[in-house]
Amino acid sequence: MCAAARDGRIAPMTQSSVAVSVDGAGWVLLNASPDLRLQMQATPELHPRSLRHTPVRAVIVTNGDVDHVAGLLSLREKTAFDLYATPATRGVLADNPIFGVLDPGMVRQREIALEEAFEPVPGLEVTAYAVPGKVPLYLEGADFEEGAATRLVGEQTVGLRLAGPGGVVHYLPGCAEVPDWLRDRLAEADAVFFDGTVWADDDMARSGAGTKTGARMGHLAMTGPEGSLARLAGLRGRRIYIHINNTNPVLMPGSAEAAAVAEAGWEIAQDGMEVSL
């Protein structure tokens, strides 16, 4: 897939971040990918309007994964915003001194309590809730258990429910399984952005890119009886896969996998994609 993107056969993709606004003026970032500087440059709505100005009012991180927090280092340039995270994820950031470049006089740390709604900008209500997941790979200890990815439900990995004037969106870029309670929770959504990291659990091994399975990384496969295509088949709203690994064959237009996803009513997130409710 990376070779196809370099050759121009498929559109290049940066890593997963989403910008949300209810008025087009104040924006909330959902996760801060390592590509955030390029993403903001490509999005005029996020450009400064004056010296030291930023339309970004807040950043919400759903876990401590590198692909969700590394972009915070691109937001150190003396512009004010609120940074929302659970106590567990705030602890991950506090333990790494490099994040000290976020000037506490400009970046206000806000603690997320699970199941308690907050408003990062007026008119946008956000509620974080625990979903099956795991600690970031770089924090795993020698005693890490292989099956822990699907047993850990707490502050380490959260989904976000976003409610605004136009409807309700759920954002889950990392999720290790879909229990019945989670499927029931997503039933209300006008749109769901869901973890699309791998097509099958052994994507990396089959492509020769590595040995880790999707489950080992804390991500649910699209396929299989317990995969997201089967478990979320009855959702009424838009279903959009996000956080897609470069080994996932759904990225290749014309592939059988891409056709199967489209036939099931799912979309694949792309850079610059806009969803309006």
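Residues numbered from 1 in each chain as written. Predicted model: local features only at pLDDT ≥ 70, side-chain atom pairs only at ≥ 80, totals over all residues. Heavy atoms only, no water.

## As for the overall build of the protein
Selection criterion: Only DSSP runs of H or I covering at least 4 residues are called helices, and only runs of E covering at least 2 are called strands; the numbering of each starts at the N terminus. For a compact globule the rule gives 2.2 Å times the number of residues to the power 0.38, and the radius of gyration it is set against comes from C-alpha atoms. Categorising residues by exposure relies on relative accessible area from a 1.4 Å probe, with only protein chains included: less than 20% of the type maximum marks a residue as buried, more than 50% marks it as exposed, and the intermediate range marks it as partly exposed. Any two residues whose heavy atoms approach within 4.5 Å are treated as being in contact. Only the protein chains shown count as cover for residues, with accessible areas throughout obtained via the Shrake-Rupley method and a probe of 1.4 Å. Counted as positive: Lys and Arg. Counted as negative: Asp and Glu, with His and the chain ends omitted from the count. Charge positions are represented by NZ for Lys, CZ for Arg, CG for Asp and CD for Glu.
Looking only at helices and strands, the protein features 9 helices and 12 strands. Over its C-alpha atoms the protein spans a radius of gyration of 18 Å, differing by no more than 12% from the 19 Å that the globule rule assigns to 277 residues. Its C-alpha atoms give the protein principal-axis dimensions of roughly 50 × 40 × 40 Å. For the protein, the proportion of its 277 residues judged to be buried stands at 48%. Taking the contacts inside the protein whose residues are at least 6 apart along the sequence as the reference set, 65% of them involve residues at least 24 apart. Split by element, the accessible area of the protein, about 12800 Å² in all, is 52% carbon and sulfur. Across the protein, the mean location of the 23 positive side-chain charges is 5 Å away from that of the 35 negative side-chain charges.

## Observations concerning unusual backbone geometry
The phi dihedral of Asn 31 falls on the positive side, at around 70°, and the residue is not glycine. You can see Asn 31 is positioned in the loop between β2 (27–30) and α2 (36–41). In this model, His 243 sits at a positive phi of 60°, which is unusual for a non-glycine residue. Take His 243: it is sitting in the loop between β11 (238–242) and α9 (256–263).

## Some words on the sheet that holds β2
Our working rule: Two strands form a pair only when DSSP identifies at least two bridges running between them. For helices, the fitted line uses only the C-alpha atoms of the stretch in contact; every axis is such a line through C-alpha atoms, and the angle between N-to-C directions lies from 0 to 180 degrees.
Strand order in the open sheet formed by 5 strands is β1-β2-β3-β4-β5, with mixed pairing between adjacent strands. Looking at strand neighbours, the two that pair on one side only are β1 (18–20) and β5 (107–111), the edges of this open sheet. Neighbouring strand axes in the sheet, compared pairwise and without regard to direction, differ in orientation by 25° on average. The sheet contact formed by strand β4 (residues 81–85) and β5 spans 5 bridges and is parallel. Paired with Asp 82 across the bridge in β5 is Arg 108.

## Comments concerning the nonpolar core
To be explicit about the condition: Take the buried Ala, Val, Leu, Ile, Met, Phe, Trp, Tyr and Cys residues and link them wherever side-chain atoms come within 4.5 Å; each set so joined is a nonpolar core.
Leu 172, Leu 186, Phe 194, Tyr 241 and Val 261 are the most contacted members of the largest nonpolar core, which has 24 residues in total. Listed by contribution, the elements that provide at least two residues to this core are β7 (124–133), α6 (180–186), β10 (191–195) and β12 (266–268). Ignoring any residue separated from it by four or fewer positions in sequence, one finds Tyr 241 in contact with Phe 194, Asp 195, Gly 196, Met 222, Ser 228, Leu 229, Val 261, Trp 266, Glu 267, Ile 268 and Ala 269. Grouped together as the second largest cluster of nonpolar side chains are 23 residues, Ile 60, Ile 112, Leu 160 and Ala 269 included.

## Digging into the pairing of β2
Cut-off, in case you're wondering: A right-handed crossover is one whose linking path, passing over the helix from the first strand to the second, runs clockwise when the strands point away from the viewer.
What you see with β2 is no split at all: Trp 27 and Leu 29 on one side and Val 28 and Leu 30 on the other are buried throughout. In terms of strand pairing, β1 meets β2 through 3 bridges, oriented antiparallel. By the bridge assignment, Val 18 is partnered in β2 with Leu 30. Adjacent in sequence and paired antiparallel, β1 and β2 are bridged by 6 residues, among which Gly 24 carries a positive phi angle near 80°. Two strands pair when backbone bridges link them, and β2 and strand β3 (residues 56–60) are joined in this way by 4 bridges, in the parallel orientation. Looking at the pairing, Leu 29 lines up with Val 59 of β3. One crossover worth recording links β2 to the parallel β3 by way of α2, and it is right-handed.

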